[in-house]
Amino acid sequence: GIDSSAVVAGMSQFMTEPVKTFSVGYQDDRDASELPYAQRIANTFHTDHHEYILESDEFFTSLDLLLEYTEEPIVESAAIALFHLSRLAKEHVTVILSGEGSDEILAGYPLYPIMARLDRIHRVFGYLPSWMLECLSTSIKANEKYSKYVDWIRMPLINRYRGISNDVTPSIKRRMFQPGFASRLGNDFVKTQAYPKVA
């Protein structure tokens, strides 16, 4: 992507030997991979380029080994590809620089403009009675994506950003959990969040 390419461009200006670059692609979905773009960048900056093609059977057979190293459940499926890419890179280098984190600080994900629009709507919806928003949430409960947006509209900006990585918002929790199970989890886990009115 652009972020990793910028890192390569910067490194190539300061190194006296070719930058070693690494990229991963997928055997069953070569058209959707970034390998052709990565190769263009490698050619432009004359890097020592290495590619790893992840095959479908490797994805599943490496899960146990990856869990052993990470010591926690795998949330992001791309972690498996990065695991294999890291093993390849270890054969050539000790330290890797990547473009990870740039999207977070430069608002590079599509979700960030959505959040800005939701914040403008929140300023209006913050004045609506809670029951009206509940009705709206209930009326679109069949569509989990829009139900999540309604929950986010009701939240202050700081709460919304804290919950971006959580795919299960309060209204979805209330529909998903049986009352007995919810009570064992505790009220804070499934309650409707407090949505303070905009000052």
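That block above? That's the structure.
Since we're looking at a predicted model, the values are computed, not measured.

Participant: Can you lay out the packing of aromatic side chains for me, pointing to particular residues and giving the numbers?
Facilitator: The geometry of two aromatic rings is summed up by the distance between their centres and the angle between their planes. Taken as a whole, this structure holds three aromatic pairs when the rule is applied. Ring centres of Tyr 109 and Tyr 112 lie 6.1 Å apart, and the angle between their planes is 25 degrees; this geometry places the pair in the stacked category. A relative accessible area of 19% places Tyr 112 in the buried class.

Participant: Lay out the environment of Thr 47 with the relevant residues and their values.
Facilitator: Its location among the elements puts Thr 47 in the loop between helix 2 (35-45) and strand 2 (48-54). Taking the C-alpha atoms as reference points, Thr 47 and Val 19, separated by 28 residues in sequence, lie 4.9 Å from one another.

Participant: Could you give me a rundown of helix 9 (residues 144-154), with the residues and numbers involved?
Facilitator: Most of helix 9 sits out of view: eight of its eleven residues are buried. The set of residues buried in helix 9 consists of Ser 147, Lys 148, Tyr 149, Val 150, Asp 151, Trp 152, Ile 153 and Arg 154.

Participant: Can you break down the side chain of Glu 58 residue by residue, with the values?
Facilitator: Tracing the chain through its elements places Glu 58 in helix 3 (residues 56-61). For the buried Glu 58, which has no salt bridge, the nearest side chain bearing the opposite charge is Arg 87, at an N-O separation of 7.1 Å. Here Glu 58 is in contact with Tyr 52, Ile 53 and His 84, once residues within four sequence places are set aside.

Participant: Break down the environment of Ala 116 for me, with residues and values.
Facilitator: By the secondary structure assignment, Ala 116 is in helix 7 (residues 111-125). Remark: the alpha-carbon pair of Ala 116 and Leu 157, spanning 41 residues in sequence, is separated by 9.0 Å.

Participant: An account of a negative patch on the surface is requested, with residue identities and associated values reported.
Facilitator: The grouping of Asp 64, Glu 68, Glu 71 and Glu 72 at the surface amounts to a negative patch. By the element assignment, Glu 71 lies in the loop between helix 4 (63-70) and helix 5 (78-90).

Participant: Residues and numbers for the pairing of strand 1 (residues 20-26), please.
Facilitator: On a regular strand, each side chain points to the face opposite its neighbour's, so the side chains alternate between the two faces of the sheet. Strand 1 sits mainly inside the fold: five of its seven residues count as buried. As paired elements, strand 1 and strand 2 share seven bridges and run parallel to each other. The residue bridging Gly 25 from the neighbouring strand is Ile 53, located in strand 2.

Participant: Lay out the side chain of His 50 with the relevant residues and their values.
Facilitator: The topology assignment puts His 50 in strand 2. For His 50, the residues in contact, after removing those within four places along its chain, are Thr 21, Phe 22, Ser 23, Leu 88 and His 92.

Participant: Could you give an account of unusual backbone geometry, with specific residues and numbers?
Facilitator: The phi torsion at His 46 lies on the positive side, around 50 degrees, for a residue other than glycine. Turning to its location among the elements, His 46 is positioned in the loop between helix 2 and strand 2.

Participant: Talk me through the packing of helix 1 (residues 2-14) against helix 2; I want residue IDs and the actual numbers.
Facilitator: One can describe the packing of helix 1 onto helix 2 by two numbers: an axis separation of 10 Å at closest approach and a directional angle of 15 degrees. In terms of orientation, helix 1 lies roughly parallel with respect to helix 2. Considering how the two elements wind past one another, helix 1 and helix 2 form a crossing that is right-handed. Across the interface between the two elements, Ile 2, Ser 5, Val 8, Ala 9 and Ser 12 of helix 1 pack against Tyr 37, Ile 41 and Phe 45 of helix 2.

Participant: I'd like a rundown of helix 7, residues and numbers included.
Facilitator: Counted at 1.5 Å a residue, the expected span for helix 7 with its 15 residues is 21 Å, and the 20 Å between its end C-alpha atoms agrees. When we look at burial in helix 7, the residues that qualify are Tyr 112, Met 115, Leu 118, Asp 119 and His 122. Down the axis of helix 7, the smallest arc covering the buried residues is 115 degrees, so these residues share one side. Pointing more than 90 degrees away from the buried face of helix 7 are the exposed residues Arg 120 and Val 124. Where helix 7 is buried, its residues contact helix 6 (102-105), helix 9 and helix 10 (157-162).

Participant: So what's going on with the pattern of salt bridges? Residues and values would help.
Facilitator: Between side chains of opposite charge, pairing is possible as soon as their charged atoms come close. This model, assessed by the stated rule, comprises two salt bridges. Here Lys 20 ties to Asp 48 by a salt bridge, and the two come within 3.1 Å at their closest N and O atoms. Of the two residues, Lys 20 sits in strand 1 while Asp 48 sits in strand 2, which places them 28 residues apart along the sequence. Classification of Asp 48 by relative accessible area gives partly exposed; the value is 29%.

Calculation notes
Residues numbered from 1 in each chain as written. Predicted model: local features only at pLDDT ≥ 70, side-chain atom pairs only at ≥ 80, totals over all residues. Heavy atoms only, no water. Phe/Tyr/Trp six-rings, centres within 6.5 Å; stacked < 30°, edge-to-face > 60°. Buried < 20%, exposed > 50% of the residue type's maximum accessible area, 1.4 Å probe, protein only. Helix = DSSP H or I, 4+ residues; strand = E, 2+ residues; numbered from the N terminus. Lys, Arg positive; Asp, Glu negative; His and termini not counted. Salt bridge = Lys/Arg side-chain N within 4 Å of Asp/Glu carboxyl O. Contact = heavy atoms within 4.5 Å. Patch = residues over 30% accessible without salt bridge, like charges linked within 9 Å, V, L, I, M, F, W, Y side chains within 5 Å. Areas by Shrake-Rupley, 256 points an atom, 1.4 Å probe, with all protein chains shown as cover. Charge placed at Lys NZ, Arg CZ, Asp CG, Glu CD. Pairing = 2+ DSSP bridges. Axes fitted to C-alpha atoms, helices over the stretch in contact; angles between N-to-C directions. Parallel < 35°, antiparallel > 145°, perpendicular 65-115°, else oblique. Left-handed = near helix turned anticlockwise from the far one by under 90°. Expected span 1.5 Å × (residues − 1). Arc of directions from axis to C-beta.

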